[in-house]
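The primary structure of each chain is shown beneath.
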There are 2 protein chains.
Amino acid sequence: MSRPAIDLARLRADVEAVNDLGRVPGRPGVNRPSFSPEDMAGRRWLIGRMEAAGLDARMDPVGNVFGRWSAGQGAAVLVGSHLDTVPDGGPFDGTLGVCAALEAVRAMRDAGITPARPVEVVCTADEEGRFGGMLGSQAICGEVGPEWIAQARDETGRPLRQALAEAGLPPSGEGAARDLSDIACFLELHVEQGPVLERTGDQIGVAEAVTGVFNWTVTLTGEANHSGTTPMDMRRDAFRGMADFGAAIPAILSRAGGPDARLTVGQVALLPGFPHSVAGEARFSIIGRDAEEPWMQALAQACEAEIARAADAHGLGVQIDRQSWLPPTRLNDALVERLTDLSARAGFRTRRMPSGAGHDAQTFARHVPAGLIFVPSVRGISHAPEEWTEWPDIARGAQLLAEATAALAS
Amino acid sequence: MSRPAIDLARLRADVEAVNDLGRVPGRPGVNRPSFSPEDMAGRRWLIGRMEAAGLDARMDPVGNVFGRWSAGQGAAVLVGSHLDTVPDGGPFDGTLGVCAALEAVRAMRDAGITPARPVEVVCTADEEGRFGGMLGSQAICGEVGPEWIAQARDETGRPLRQALAEAGLPPSGEGAARDLSDIACFLELHVEQGPVLERTGDQIGVAEAVTGVFNWTVTLTGEANHSGTTPMDMRRDAFRGMADFGAAIPAILSRAGGPDARLTVGQVALLPGFPHSVAGEARFSIIGRDAEEPWMQALAQACEAEIARAADAHGLGVQIDRQSWLPPTRLNDALVERLTDLSARAGFRTRRMPSGAGHDAQTFARHVPAGLIFVPSVRGISHAPEEWTEWPDIARGAQLLAEATAALAS
């Protein structure tokens, strides 16, 4: 079999064309929130590009776009990502994976490759979770259906049904679930959104797992007092309890969790919140992540123990609101091996790593073999208009995606 | 000389009468912010009560009320406190000191005492600092004058001049400064506003000093990153720097500052402030207090060192906005001795202590001998409608104030 060779100029022209829809003025980023006019214009543009590439293109009832190359027989290889962005997002987050999937198909055609099974380029809807999940991939996989769609609202309270109707789609969202026996595997190319590849000097990342994540809100309750008249040993200072927990993060990570465990306190609030008042209440978020469920369990237990110890030291009450627990998702081991092998053969410095962000590949991985390829993000910046990946890195990622698609469809 | 004996029922009737002006419905507290109609009504009520007690009463151009007993000769003994409250404040904060001063004079008269020097009951204006200082006592002592008054505004931007005019006072505020050679000393009875006397079981506190206070805002600057994709060792997490500082507070206090040193972080903010984002900026207040200036200096230096260490550990930038530095005020040693002695002779369990809150006595102490007596606060609650002191404790404090006034005026 001849190898496909991607055309970077053609890929770049596609990325730049679709990013003219919703471009953030004067910055590389784009603003194409799910079901916005710009998002829908991007999807219609994609249908045109798919048809120009000889694919049978269609949009499903929730806005997923498919471009099918009905070659060979059997279950299809799905390749893609998403075109929707967070508000004022980056130019490649999702967009690269969609355009590179289309380029992979064109490169296969150019190389005279006839796949042994169908190949489908896919652009999922609402990957960024405006309505609280990964609507497009979850609908394809049958994880969410009309009942879920009927109740889903965005942060402003706007119903998903209304957003679908305004985007010209049937408000029920019914009919997006695919026969999963018709899907052989799913492949996704994505920007890393983190600093690891840049710092290590690797060119390609192959995700072994998407880390699980727990989301807690901790409330420590002490006693609000006058900062001048209350001696240190008569205080029940909720700030001090929170600080003790924060300072214990290295100790927690050294005795619990795996090598990729992460703990983040990103949101805090004190009550009454005046400089001259000892804090009577401290409320803070904990986001814990790990790549294996037992590690994640141990991490959570170590957090609980440290919170209890900090509360005890300062005479505080504790309430932990455990908002969510998403277990880690292992990606398909055989696919990880295959992608790593193909990347190494192409001469790319390759690193196996966990994915700390959620991706469509994670949804598909619960049902079919799924693979996820990363290219480096400059300074690890993500979900901001300054997100960037250098074109030579994009070329390597797209080339690997094309070779992997050809290999899996052969 | 016969001893004055205060009449608790008469004192209580006065406190309850003035607290009918601005009472918080259903709670012990009152709402008499400076220059509000309720505050001014309280001051006019006081003039009436002073006149009923045979004093020459007047209000000065900034709202201070004086009731003079023109006995004897020489400089006067001033006794008093304030009637203004914080919004929704407590029933005794200031009010007790004013009513007890009036009761002291009445008790002296009842006991047939003729003082050797004039005695003045004083009710200061805006002790609670609506306009940023202690307007009344500072104006009496010549620390603030028409220039300061012309530019002073409250938190809402309302000019002091306008508040004075609406209260029926000359907007210039000119003419409040007293000839300080006419003031022999200043005495104040106040509720402790802290938990110390209640916890130690003491009945009377004699303040030795008003602690100094520094007010800083610290900004730590790191890098906002994705909580999932950024490994722990590639973060510059501003929350972690703040937490390390908070956890180091005991170490700071063990190596710097005096026995009454206090450090409080009461206000914090993270940016961007999302649970899933590593904090790129942490901003927090530090209120440091101590009873001696060298201790306070050492405390501030230890804070700076610990902030630098925490910033260094996490790769953070540091900015410290040093908003204010008020040095400690020693109260008059001879007066402290005398008040302690009188209290012990009266059979009261007496404790020398610093004052962690600011009081009019602090202003006067910069110019004349000043003494400050505390009675216990239930649960240390202050600046809230639930502030309370038991009547037997009030009786002891008022009795000591009367005896001290008589002694100092003899």
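When you look at the pairing of strand E1 (residues 56-59) of chain A in this model, what are you seeing that I'm missing?
Regular strands have side chains that alternate between both faces of the sheet. Residue and element names in this part refer to chain A. Two elements, E1 and strand E2 (residues 65-69), share four bridges in a ladder whose sense is antiparallel. Bridge pairing in E2 places Met-59 opposite Val-65. Hairpin connection, E1 to E2: the antiparallel pair is bridged by five residues, and Gly-63 has positive phi, about 105°.

I tried to follow the nonpolar core on my own but got confused; where do I start?
Note on soluble globular proteins: their nonpolar side chains tend to be buried together. Counting residues in hydrophobic clusters, the biggest one holds 77 residues, and the most contacted among them are Leu-46 and Phe-364 of chain B. Per element, the largest residue contribution to this core is 11 residues, and it comes from helix H13 (residues 391-409) of chain B. Look past the residues within four positions of Phe-364 of chain B in its chain and what remains in contact with it is Leu-78, Ser-137, Ile-140, Cys-141, Ile-183, Phe-186 and Ala-370 of chain B. In this structure, Cys-141, Val-336, Ala-398 and Ala-404 of chain A belong to the second largest nonpolar core, which totals 75 residues.

How should the interface of chain A and chain B be read in this particular structure?
Bring the parts together and some accessible area is lost; that lost area is often taken as the interface size. Taken together, the 51 residues of chain A in the interface contact 51 residues of chain B. Where chain A abuts chain B, roughly 4,300 Å² becomes buried across the two surfaces, and 59% of that area is made up of carbon and sulfur atoms. Linking chain A to chain B there are two salt bridges. Of the charged contacts in the structure, one is a salt bridge between Arg-379 of chain A and Glu-223 of chain B, with a shortest N-O distance of 3.8 Å. Linking chain A with chain B are 12 residue pairs in polar contact (both at pLDDT 80 or more), by the criterion used here. Within the residue set of the side of chain A that touches chain B, elements represented by two or more residues are helix H7 (196-200), strand E7 (212-221), helix H8 (238-247), helix H9 (249-255), strand E9 (262-264), strand E10 (268-271), strand E11 (277-278) and strand E12 (281-290) of chain A. Of all the elements, H8 of chain A adds the most residues to the side of chain A that touches chain B, at seven residues. For the side of chain A that touches chain B, the residue count by class is 23 nonpolar, 19 polar and nine charged.

Looking at this structure, I do not really get the packing of H8 of chain A against helix H10 (residues 293-314) of chain A. What am I missing?
Residues and elements named next belong to chain A. For the pair H8 and H10, interaxial distance at closest approach is 8 Å and the crossing angle is 145°. Considering how the two elements wind past one another, H8 and H10 form a crossing that is right-handed. Each of Arg-240, Gly-241, Asp-244 and Phe-245 in H8 lies in contact with H10, whose residues at this interface are Cys-303, Glu-306, Ile-307, Ala-310 and His-314. Among the residues making up the contact of H8 with H10, the classes are represented as four nonpolar, two polar and three charged.

Sorry if this is basic, but what is going on with the pattern of salt bridges here?
Side chains that carry opposite charge are capable of pairing whenever their charged atoms lie near each other. Applying the stated rule across the entire model yields 60 salt bridges over all chains. Taking the shortest distance from any N to any O, the salt bridge between Glu-306 of chain A and Arg-309 of chain A comes out at 3.0 Å. Here Arg-309 of chain A and Glu-306 of chain A lie together in helix H10, a separation of three residues that amounts to about one turn. With a relative accessible area of 8%, Glu-306 of chain A lands in the buried category. On the basis of relative accessible area, Arg-309 of chain A is assigned to the exposed category, the value being 53%. A salt bridge links Arg-396 of chain B to Asp-393 of chain B, with the shortest nitrogen-to-oxygen separation between them at 3.0 Å. Taken together, the positions of Arg-396 of chain B and Asp-393 of chain B, both in helix H13 and three residues apart, correspond to about one turn of that helix. A relative accessible area of 14% means that Asp-393 of chain B is categorised as buried. Three or more residues joined by partner-sharing salt bridges are found here, namely Arg-10, Asp-14, Arg-49, Glu-103, Arg-106 and Asp-110 of chain A.

When you look at the relation of the copies chain A and chain B in this model, what are you seeing that I'm missing?
What connects the two chain copies is a rotation about an axis and a shift along it. Least-squares fitting of chain A to chain B yields an RMSD of 0.1 Å, with the superposition described by an axial translation of 0.0 Å and a rotation of 180°. Overall, the copies show the geometry of a two-fold rotation axis. Closest approach to the rotation axis within chain A is made by the C-alpha atom of Ala-243 of chain A, at a distance of 2.0 Å. When the interface residues of chain A are mapped onto chain B, 98% of them again lie at the interface, so the same face is used by both copies.

Is there a simple way to think about the domain arrangement of chain A in this case?
All names here are of chain A. One can read the domain layout of chain A as domain 1 (8-211 + 328-409) and domain 2 (212-326). Computed from C-alpha coordinates alone, the two centres of domain 1 and domain 2 are separated by 36 Å. Each partner contributes to the interface: domain 1 provides seven residues, whereas domain 2 provides 11 residues. Area buried by domain 1 at its contact with domain 2 is led by Thr-211, Pro-328 and Pro-354, which between them contribute 68% of it. Seen at the junction of domain 1 and domain 2, the total is one salt bridge.

Would you mind showing me how to read the state of the cysteines here?
Disulfides are covalent bonds that connect the sulfur atoms of two cysteines. For the structure shown, the criterion picks out zero disulfides over all chains. With no disulfide partner, Cys-185 of chain A has as its closest neighbouring cysteine sulfur the one in Cys-141 of chain A, 13 Å distant. There is no disulfide at Cys-99 of chain B, and the cysteine sulfur nearest it, in Cys-123 of chain B, is 8.9 Å away. Given the relative accessible area of 1%, Cys-99 of chain B is considered buried.

Quick question: what am I supposed to make of the environment of Arg-379 of chain A here?
You can see Arg-379 of chain A is positioned in the loop between strand E16 (370-375) and helix H13 (391-408). Separated by 184 residues in the primary sequence, Arg-379 of chain A and Pro-195 of chain A place their C-alpha atoms 5.7 Å from one another. Arg-379 of chain A has contacts with Glu-198 of chain A together with Glu-223 of chain B, leaving out every residue within four places of it along the chain.

What should I look at first to understand the confidence of the model for chain A in this one?
Where the model shows low pLDDT, its predicted coordinates should not be examined in detail. Model confidence for chain A is summarised by a mean pLDDT of 96, while 100% of its residues fall at 70 or above. For this predicted complex, the interface confidence reaches an ipTM of 0.89, while the overall pTM sits at 0.88.

Whenever I open this one, the packing of aromatic side chains confuses me. Can you help?
What characterises a pair of aromatic rings is the spacing of the ring centres plus the angle enclosed by the ring planes. All names here are of chain A. Using the criterion set out here, one finds 16 aromatic pairs over all chains in the structure. Ring geometry for Phe-35 and Phe-131: centres 6.3 Å apart, planes at 50°, overall tilted. Note that Phe-35 is positioned in the loop between helix H1 (8-18) and helix H2 (37-52) and Phe-131 in the loop between strand E4 (119-124) and helix H4 (135-140), a separation of 96 residues in sequence. By the burial criterion, Phe-35 is buried, and Phe-131 matches it. Between the aromatic rings of Phe-214 and Trp-325, the centroid separation amounts to 5.5 Å while the plane-to-plane angle is 10°, which identifies the pairing as stacked. With a gap of 111 residues between them, Phe-214 in strand E7 and Trp-325 in strand E13 (residues 317-326) connect regions that are remote in the sequence. One aromatic cluster is present, formed by Phe-92, Trp-388 and Trp-391 through successive ring pairs. Positioned above the aromatic ring of Trp-69 is the side chain of Arg-109, whose terminal nitrogen or guanidinium carbon lies 4.5 Å from the ring centre.

Analysis parameters
- Residues numbered from 1 in each chain as written.
- Chains lettered and ligands numbered in written order.
- Predicted model: local features only at pLDDT ≥ 70, side-chain atom pairs only at ≥ 80, totals over all residues.
- Heavy atoms only, no water.
- Pairing = 2+ DSSP bridges.
- Helix = DSSP H or I, 4+ residues; strand = E, 2+ residues; numbered from the N terminus.
- Core = buried A, V, L, I, M, F, W, Y, C linked by side-chain atoms within 4.5 Å.
- Buried < 20%, exposed > 50% of the residue type's maximum accessible area, 1.4 Å probe, protein only.
- Contact = heavy atoms within 4.5 Å.
- Buried area = accessible area lost by both parts, 1.4 Å probe.
- Salt bridge = Lys/Arg side-chain N within 4 Å of Asp/Glu carboxyl O.
- Polar contact = N/O pair within 3.5 Å; in protein donor to acceptor, adjacent residues only side chain to side chain.
- Nonpolar A, V, L, I, M, F, W, Y, C, P; charged D, E, K, R; others polar.
- Axes fitted to C-alpha atoms, helices over the stretch in contact; angles between N-to-C directions.
- Left-handed = near helix turned anticlockwise from the far one by under 90°.
- Least-squares fit on C-alpha atoms with pLDDT ≥ 70 in both.
- Domains from an automatic or database assignment.
- Disulfide = S-S within 2.5 Å.
- pLDDT = per-residue confidence, 0-100.
- Phe/Tyr/Trp six-rings, centres within 6.5 Å; stacked < 30°, edge-to-face > 60°.
- Lys NZ or Arg CZ within 6 Å of the ring centre and 35° of its normal.

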